[in-house]
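Chain residues, written in single-letter form:
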Amino acid sequence: MIEIEGLRFGYGRKALYDGFDLRVDTPGLYGLFGRNGSGKSTLLKLLAGLLFPRGGRIRVSGHEPRLRHPDFLAGVTIVPEEFHLPNLSCERLVRHQAGFYPRFDRVVLDEALATFEVDARAPFDSMSLGGRKKAVLAFALATRTPLLLLDEPTNGLDIVGRDRFRDLIRRPQQADRIVVISTHQAHDLEQVIARVMFVEDGRLALSASMDDLARCLRMGVVDQAALAGVDGVVYREAIGAQAAFIATRHDDVIEPVQLELLYRALCRAPEAVLAALRATEVTHV
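One structure accompanies this document, and this report is about it.

Calculation rules
- Residues numbered from 1 in each chain as written.
- Predicted model: local features only at pLDDT ≥ 70, side-chain atom pairs only at ≥ 80, totals over all residues.
- Heavy atoms only, no water.
- Pairing = 2+ DSSP bridges.
- Helix = DSSP H or I, 4+ residues; strand = E, 2+ residues; numbered from the N terminus.
- Axes fitted to C-alpha atoms, helices over the stretch in contact; angles between N-to-C directions.
- Contact = heavy atoms within 4.5 Å.
- Core = buried A, V, L, I, M, F, W, Y, C linked by side-chain atoms within 4.5 Å.
- Buried < 20%, exposed > 50% of the residue type's maximum accessible area, 1.4 Å probe, protein only.
- Parallel < 35°, antiparallel > 145°, perpendicular 65-115°, else oblique.
- Nonpolar A, V, L, I, M, F, W, Y, C, P; charged D, E, K, R; others polar.

Taken together, 3 strands build an open sheet; the order of strands is S2-S1-S4 and the sheet is antiparallel. Edge positions in the open sheet fall to strand S2 (14–24) and strand S4 (55–60), since each of these has one partner strand only. For this sheet the average axis-to-axis angle between neighbouring strands, irrespective of direction, equals 30°. When strand S1 (residues 2–11) meets S4, the two strands line up antiparallel, connected through 5 bridges. Note that in S4 the partner of Ile4 across the bridge is Ile58. Lying over the sheet, helix H1 (residues 40–48) contacts S1, S2 and S4, oriented at roughly 120° with respect to S1.

In structure tokens form, the structure reads like this:
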């Protein structure tokens, strides 16, 4: 579905990507993480054909996004972090836009709008930022395109809205598509993401399933004094009298991945964490 080989791209004289490679060919939810300025939003726009690479090769479902072939556009939906909508309603948006997506599902749209408590007849200018975000997400879910690209989808949503988004993205109607979610809100999505991709210094530093991460890493919070008794610690951070830590796992216990803690560790001590994962052959990098 997604093939990137030797991607080169930058703004002005600054190279953002220089030899970036990525392959995704299995439906599922992929979390795209990285520091500010690492190129996450740029990568989504390159995949959607909104930006053009300077070199290398990008293929999405056999198409080059930069050519913006109608068959390609019918198979990709992107929701950017910032967007501008004409003063329509969801009903009018469907009349104007749904025909461009052969798999558009009105039932999915109605269920999503009901879940988000969004009135399909209300004009967008009458909605809050969160209301407009919910309307756009509902439409994107209803397109049922094979590829769905979401940039910070939970920004602007309240706690209830975030819970409802997680419920919608996990429904069976979304199971047959590749969903790439770029976010800093790691905790919001750790229950739904199947694979973590971490971008660092213009390269894919980590690509690993949540299951593999759970089998290879131990994460938790202990008293500072007890931390000395934890074997294989690769990252630690103080929380008052306690400490959060990540360590290599030496048993067969499977515990949930604390994605926010892993994200902070990859930003602050990437080499230690990645070296531990390479030792267990979890990541190919």
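On to the sheet that holds strand S12 (residues 242–248), then. Either a parallel or an antiparallel arrangement is found when strands of a sheet pair, and the pairing is made through backbone hydrogen bonds. Pairing within the open sheet is antiparallel, and its 3 strands lie in the order S10-S12-S11. Each end of this open sheet is capped by a strand with a single partner; those strands are strand S10 (217–223) and strand S11 (233–239). Direction aside, the axes of adjacent strands within the sheet are offset by 15° on average. Alignment of S11 against S12, held across 6 bridges, turns out to be antiparallel. Note on S12: the bridge partner recorded for Ile239 is Gln242. Against the sheet, helix H9 (residues 259–268) makes contact with S10, S11 and S12, and its axis sits at roughly 110° relative to S11, the strand it touches most. On top of the sheet, helix H10 (residues 270–279) reaches S10, S11 and S12; it is set at about 140° to S11, its chief contact.

Membership of the largest hydrophobic core comes to 67 residues, with the highest contact counts inside it found for Leu150, Ile169, Leu213, Ile246 and Leu262. Core analysis: the second largest hydrophobic core is formed by 27 residues, Ile4, Leu7, Leu16 and Val199 among them.

One can describe the packing of H9 onto H10 by two numbers: an axis separation of 5 Å at closest approach and a directional angle of 115°. One element, H9, and the other, H10, form an angle in the roughly perpendicular class. Together, Leu262, Ala265, Leu266, Cys267 and Arg268 of H9 and Pro270, Val273 and Leu274 of H10 make up the contact between the two elements. Grouping the amino acids of the contact of H9 with H10 by side-chain chemistry returns 7 nonpolar, no polar and 1 charged.

Right, let's get into the environment of Arg92. Tracing the sequence through the fold places Arg92 in helix H3 (residues 90–97). In this structure, the C-alpha to C-alpha distance between Arg92 and Val253, residues 161 residues apart in sequence, is 52 Å.

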